[in-house]
Amino acid sequence: MPKLPAIAHRLQIRWIDIALAIGLTVGAVIEGSGDSSLAFSPAVWLCTVPMLLRRRWPISVLLLTFLGFSLARNAANFSALIAGTVAVVSVGLYGRNQILNWLVVLGGAGLIALEFGHGSTSTLPIPAAALPFALLGAAYLAGREVATRQRQLNVERDRAAQREREQEAAVKAAAEAERRHIARELHDVVAHSVSVMVVQAGAARKVMDEKPDAARESLLAVEASGHEAMAELRRLLGVLAENGNNGSAPLAPQPGLAGLDTLVSRLNEAGLPVELRRLGIPVALPPGVDVAAYRIVQEALTNALKYAGGARTEVLVHYLDGALDLEVIDEGTIATPADGIGRGLVGMRERVALFGGTIEAGKRAGAGYAVKAHLPIEQAE
């Protein structure tokens, strides 16, 4: 018994096929046992029982139906006629070779016309011999039309599923891009502020006993950096809040190159001697380029603070015709650890790539480290 479902699945037998075969077989027996009916012929079962396999072998089922009609002759009843019609429609639905399908249908119609057409009359405006061709042809075409519509429906369903998959992929890609953007912003904010705080706290610890005033200044710098980091984090979290709105989110202007003087001053206080130089004629930058340029310089200076050992560092902002060049060069002698600027460099490259620019970062020939970025301005606009 457990094998029956597997066999039915392999033979493509559905519950409607079982009900159709049983119903037509019982109907044929009832019709054949009536007083006003002709003698019953078991040959009609060749028309009704094979309905079980009409999906798996439609042409074979139709041929058995024709054989049942030929053997039963005048004993073929209404149930057998219905079975024959369903068999022809099934050929249109499930038959794969259209040429073979037409040959079988037309051949069967010809046999029926020869077998039953002699001497018969019809009230229809067509010859009696043409009636089987008209009926079987119409049934077959009906099956073909239903099959065509089913295929179109399947194609549309597949296309809808494909569009849904593409939409899901696009949403995931957008979410991943936004996740990287948020991670980059958090890294830029936290890494810089924490680096300044660590350096200042270390300096305060070293001079706390001997130079309490200097330690106090360092701790004040730690406090200022902490407040700045908290303000940046609140801004980011306010944007990310699900129920945030323009009236309640604690938004703040994005940083730009105009804030480099403050950044350099803070790093000078933290013990990193930084010189800022500007070349060219300053122009109004697109907001995205302005933020990216500031973050690149901030990240490069943060790395210099951590790994250059307090060596002299130079920042160059060069305004070109349709582009912006940035250079951050330090003279440190401490080798940069392999993972020292891993994530920060990835973030800088992503920012530069967003605007079609280029970036180079690496150790200098003599000593120190250099970061050079080129940001097109016209393309960003």
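Bear in mind the structure is a predicted one, so any value in this text is a computation, not a measurement. (Residues numbered from 1 in each chain as written. Predicted model: local features only at pLDDT ≥ 70, side-chain atom pairs only at ≥ 80, totals over all residues. Heavy atoms only, no water.)

Participant: Describe the overall build of the protein chain, with residues and values.
Facilitator: Helix and strand counts for the protein chain stand at eleven helices and five strands. Counting all 381 residues of the protein chain, 39% fall into the buried class. Put simply, 70% of the contacts in the protein chain that link residues at least 6 apart link residues at least 24 apart. Carbon and sulfur atoms make up 61% of the accessible area of the protein chain, which totals about 22,000 Å². (Helix = DSSP H or I, 4+ residues; strand = E, 2+ residues; numbered from the N terminus. Buried < 20%, exposed > 50% of the residue type's maximum accessible area, 1.4 Å probe, protein only. Contact = heavy atoms within 4.5 Å. Areas by Shrake-Rupley, 256 points an atom, 1.4 Å probe, with all protein chains shown as cover.)

Participant: Which residues make up the layout of surface pockets, and what values do they have?
Facilitator: Any empty space left between the atoms is revealed when a probe the size of a water molecule rolls over them. Its boundaries defined by the atoms lining it, the second largest pocket holds a volume of some 260 Å³. Lining the second largest pocket are Q12, R55, R56, W57, P58, I59, S60, Y94, G95 and R96. (1 Å grid on protein atoms, 1.4 Å probe; cavity = no way out; pocket = protein on both sides within 12 Å on 5 of 7 lines; lining within 4 Å. Points joined across faces, edges and corners; volume = space filled by probe spheres on them.)

Participant: Quick rundown of the pattern of salt bridges? Include the residues and the values.
Facilitator: Here the structure, examined in full by the defined rule, presents seven salt bridges. Residue R54 is joined to D17 by a salt bridge in which the shortest nitrogen-to-oxygen separation is 2.8 Å. With R54 in the loop between helix 3 (45-48) and helix 4 (58-72) and D17 in helix 2 (residues 15-32), this pair connects stretches of sequence that are 37 residues apart. Given the relative accessible area of 9%, R54 is considered buried. Here D17 falls in the buried class, since its relative accessible area comes to 0%. For R277, the salt bridge is made with E314, and the minimal N-O distance between the two is 2.6 Å. With a gap of 37 residues between them, R277 in strand 1 (residues 274-279) and E314 in strand 2 (residues 313-320) connect regions that are remote in the sequence. Under the relative-accessibility criterion, R277 is labelled partly exposed at 32%. Through salt bridges with shared partners, one network takes in D17, R54 and R55. (Salt bridge = Lys/Arg side-chain N within 4 Å of Asp/Glu carboxyl O.)

Participant: Which residues make up the packing of helix 4 against helix 5 (residues 78-94), and what values do they have?
Facilitator: Packing of helix 4 against helix 5 leaves a shortest axis separation of 9 Å and a crossing angle of 155°. Taken as axis vectors, helix 4 and helix 5 run roughly antiparallel relative to one another. When you trace helix 4 past helix 5, the crossing you get is left-handed. Residue-level inspection shows P58, I59, V61, L62, T65 and F69 of helix 4 in contact with helix 5, the latter providing A80, L81, G84, A87, V88, S90, V91 and Y94. Looking at the contact of helix 4 with helix 5 residue by residue, the class counts come to eleven nonpolar, three polar and no charged. (Axes fitted to C-alpha atoms, helices over the stretch in contact; angles between N-to-C directions. Parallel < 35°, antiparallel > 145°, perpendicular 65-115°, else oblique. Left-handed = near helix turned anticlockwise from the far one by under 90°. Nonpolar A, V, L, I, M, F, W, Y, C, P; charged D, E, K, R; others polar.)

Participant: Just give me the short version of the nonpolar core, but keep the residues and values in it.
Facilitator: Ranked by internal contacts, the top residues of the largest apolar core, which has 38 residues, are L257, L301, V317, L324, L326 and L375. Mapped by element, the contributors of at least two residues to this core are helix 9 (260-269), helix 10 (287-307), strand 2, strand 3 (323-330), helix 11 (342-354) and strand 5 (369-376). Per element, the largest residue contribution to this core is ten residues, and it comes from helix 10. Other than its neighbours up to four places away in sequence, L257 contacts R278, L285, D290, A293, Y294, V317, Y319 and L324. In terms of nonpolar packing, the next biggest core, distinct from the first, is built from 25 residues, L24, A43, V86 and V105 among them. (Core = buried A, V, L, I, M, F, W, Y, C linked by side-chain atoms within 4.5 Å.)

Participant: Provide a residue-level description of the environment of R312, including the pertinent values.
Facilitator: Among the secondary structure elements, R312 is positioned in the loop between helix 10 and strand 2. Classification of R312 as partly exposed rests on a relative accessible area of 38%. Each C-alpha atom of the pair R312 and G271 lies 10.0 Å from the other, and the pair is 41 residues apart in sequence. Of note is the side chain of R312, whose polar atom sits 2.7 Å from the side chain of E275. (Polar contact = N/O pair within 3.5 Å; in protein donor to acceptor, adjacent residues only side chain to side chain.)

Participant: Tell me about the confidence of the model for the protein chain, and please be specific about residues and values.
Facilitator: In the predicted model, the protein chain carries a mean pLDDT of 79, and 81% of its residues have values of at least 70. Below pLDDT 50 for its whole length, residues 246-251 participates in six contacts with residues either more than four positions away or in separate chains. (pLDDT = per-residue confidence, 0-100.)

Participant: Help me get a handle on the pairing of strand 5, residues and values and all.
Facilitator: In terms of residue burial, strand 5 counts as a mostly covered element, since six of its eight residues are buried. The pairing of strand 3 with strand 5 spans seven bridges and is antiparallel. Residue pairing across strands places L326 opposite A373, the latter belonging to strand 5. Pairing of strand 4 (residues 358-363) with strand 5 involves six bridges; the strand directions are antiparallel. When the bridges of strand 5 are listed, T358 appears paired with H374. (Pairing = 2+ DSSP bridges.)

Participant: How would you explain the sheet that holds strand 1 if you had to name every residue and give the values?
Facilitator: With mixed pairing, the five strands of this open sheet are ordered in space as 1-2-3-5-4. Looking at strand neighbours, the two that pair on one side only are strand 1 and strand 4, the edges of this open sheet. Ignoring which end each strand starts from, the neighbouring axes of this sheet average 10° apart. Across eight bridges, strand 2 lies against strand 3 in antiparallel orientation. Each residue of the ladder has a partner; that of V315, found in strand 3, is V328. Each of strand 1 and strand 2 is contacted by helix 9, which is oriented at about 160° to strand 1, the strand it contacts most. Strand contacts of helix 10: strand 1, strand 2, strand 3 and strand 5, with the helix running at about 10° to strand 3, the strand carrying the most contacts.

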